[in-house]
Each structure stands twice: as structure tokens, then as C-alpha cells.
Amino acid sequence: MILTVTPNPSLDRTYEVPSLERGEVIRATGERMDPGGKGVNVSRAVTAAGRRTVAVLPLGGAPGALVADLLDAQGIEVAPVPVAGATRSNIALAESDGVLTKINAPGPELSAAEQELLLETVREQSRDASWIACCGSLPRGLAPSWYAEVVARAHAGGARIALDTSGRALLEALRERPDVVKPNAEELAEAVGRPLATVGDAVKAAEELREMGAQAVLASLGADGQLLVDGSGAWFGSAHVKVVRSNVGAGDSSLAGFLIAGGSGPEALASAVAHGAAAVQLPGSEMPTPDDLDPAAVTVTAEVPMDRVLKEPVS
């Protein structure tokens, strides 16, 4: 079982519109409502792969009840943490030319008692977990060191933990030596405080995160592929993608694929790349099933192309 923790979940509403015009009434041509949050997406991807997952998340108000109902309808076990504030509602406006505009709400502020209940729920639910995946931003009320506390408690209980967050929350958690961290290129550059222009730059940045405490770094480089850097070396993975339809949740699908395949080594990297490549070829935030995967399109090598210039360099 893979346990996911999403401290700041959301109810995501997506409206399809012909185009955006400020100050005008815009009539949507389509709409959908999804449970949101990076950890929630990991649980959705694990479920799509036919594996068991439990999603721990604070939920409050009518939006929180809708998130729980939507997850239940998808066959995902939910371990809710009741909070006084309402779960945030995010809005995405998808134009016909493919441009996506997102409005993300800040979310409720968690009290000290709610924070402790969230930690205790993670502890209780982690007894049968092979991995704990902690993902996303922190809501108001949670200090940047909150993820560090989760990692410390997880390790004290004998659990392995994967962390997908950014900024100070990531840096604070590194001191507790998370088993895997999963930054994208922008988050990797932010963590080391300099731009990334080549694959070699990304490898060096990942190695620095390991020096700061991460036991392994699974880095998403967008269209350029993915890197895995751990104590035994570095691997580079890529896949041929015919058409990119949506990159929403692709990184979360990659993390799910990595953990499903054991969470270490080149085989797990190949699974991460296959899941990420499949996800970008699906509409919206749809997660790939085993039938969507194309392992033959994936290449993983220990001969990392260090001098390759990134298609999407990070300044």
C-alpha cells in the first residue's frame, strides 16, 4: 500500500472557454470537477495502476465533502482529517488554443490541534504502507519545518518516505534524510540557487541535494526526460511522446510509477518515465492505466548526456 499525504488539497473546477477577454461575460463550453492536490494525484495514479492506496488529507466544509465523495467514487480510500476551515477551491480556465490559466486559492489555516491530528493520522495509517508520499504546498498554519517532522516520524516508525515539495519546506526536510525527493527542474534550480542549462547542471544540482540530506533525487526535466541520482550513481531516462495533450499531474504520475516499481534503481526510473509519458498524452488530469503505458518507448541509461542542452532551460 502507498500512503499519500496532501496537506493542502483542493476541489478543482476546470472550465473550457473559447478565449479570455477581461471584463466580459465568458460562456464556458465545458466543465469538470476533480479532487486536486499533488498527493491526491499520486493516489489516483496508484489506483489507476490497480494498486492500493490511502489518501490522508485535511478536509473541511462543502468543498471538502465533495473531494471525499469524488475520491470515493474513484475507489480511493480516504483517511480524512476534519478541519474547521473549508477546503480550497481552485479554478482553471482552458482556452481552445491550449493555454491554461489557473487560479489557486490559499486554503484554510490549520490550528495547532488540527496539525497534530494530521500527523497522528499519518502515523496510524502508515502501519501497512510500503511508502509514504508527502506532496504539495503547505497550508497556512503549518511551519516550513512540518514536512521535516513528518519525515522524522516516518523514519522512527520504520517507513520509507518520498517528498515532492519545494522552497523552504524542501530544504528544511532534507536534514531528516528523506528516502526520495522529487523536484522538477524549476524546483531543483531554486533549491541550489542557480540556473540549469544542461543535463549536467541538473545532475550536479541533484548531487548537492544529496549532500544536503536527500538519499535519492528523482528529478523531472520536462520534455528532456528524468534523472535519478542516488548513492550508487546517476541514470537518465527518456521516452518518445507522440502528442502532448496535457502535462497536468504528469509529475505526480511519474512519482506513482517510481514507487509502484519499488522506489529505487533504474527499473523504478523506467516505470516513472513510462507513467509520466503516458500521462502527458491523456486529456486533463487523467491518470494512465497499465494499458496506456508503452515501456518499449522508454530508454534508461547510466551514460548520462551531461552536455545536452535542456530544451526548457531554467533561469
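Our structure is the block above this text.
Predicted model only: the values in this text are computed from it and were never measured.

About the cut-offs
Residues numbered from 1 in each chain as written. Predicted model: local features only at pLDDT ≥ 70, side-chain atom pairs only at ≥ 80, totals over all residues. Heavy atoms only, no water. Salt bridge = Lys/Arg side-chain N within 4 Å of Asp/Glu carboxyl O. Buried < 20%, exposed > 50% of the residue type's maximum accessible area, 1.4 Å probe, protein only. Core = buried A, V, L, I, M, F, W, Y, C linked by side-chain atoms within 4.5 Å. Helix = DSSP H or I, 4+ residues; strand = E, 2+ residues; numbered from the N terminus. Axes fitted to C-alpha atoms, helices over the stretch in contact; angles between N-to-C directions. Parallel < 35°, antiparallel > 145°, perpendicular 65-115°, else oblique. Left-handed = near helix turned anticlockwise from the far one by under 90°. Contact = heavy atoms within 4.5 Å. Nonpolar A, V, L, I, M, F, W, Y, C, P; charged D, E, K, R; others polar.

**Details of the pattern of salt bridges**
So, point 1. Enumeration over the complete set of coordinates arrives at 12 salt bridges.
So, point 2. Ionic pairing is found between E172 and R175, a salt bridge with its closest N-O pair at 2.6 Å.
So, point 3. The exposure class of E172 is buried, given its relative accessible area of 18%.
So, point 4. The network of salt bridges with common partners includes R168, E172, R175 and E176.

**Some details on the nonpolar core**
So, point 1. Of all hydrophobic cores here, the largest spans 52 residues; its most connected members are W146, L209 and L227.
So, point 2. Ranked by residues supplied to this core, first place goes to helix α7 (residues 199-212) with six residues.
So, point 3. Grouped together as the second largest cluster of nonpolar side chains are 25 residues, W131, A133, L255 and L259 included.

**Digging into the packing of helix α8 (residues 250-260) against helix α9 (residues 265-280)**
So, point 1. Relative to each other, α8 and α9 sit at 150°, their axes nearing to 7 Å. If you check the angle between α8 and α9, you find them roughly antiparallel. At the point where α8 passes α9, the crossing takes the right-handed sense. Touching A250, S253, S254, G257, F258 and I260 of α8 are G265, A268, L269, S271, A272, H275, G276, A279 and V280, all from α9.
So, point 2. Its residues assigned to classes, the contact of α8 with α9 comprises eight nonpolar, seven polar and no charged.

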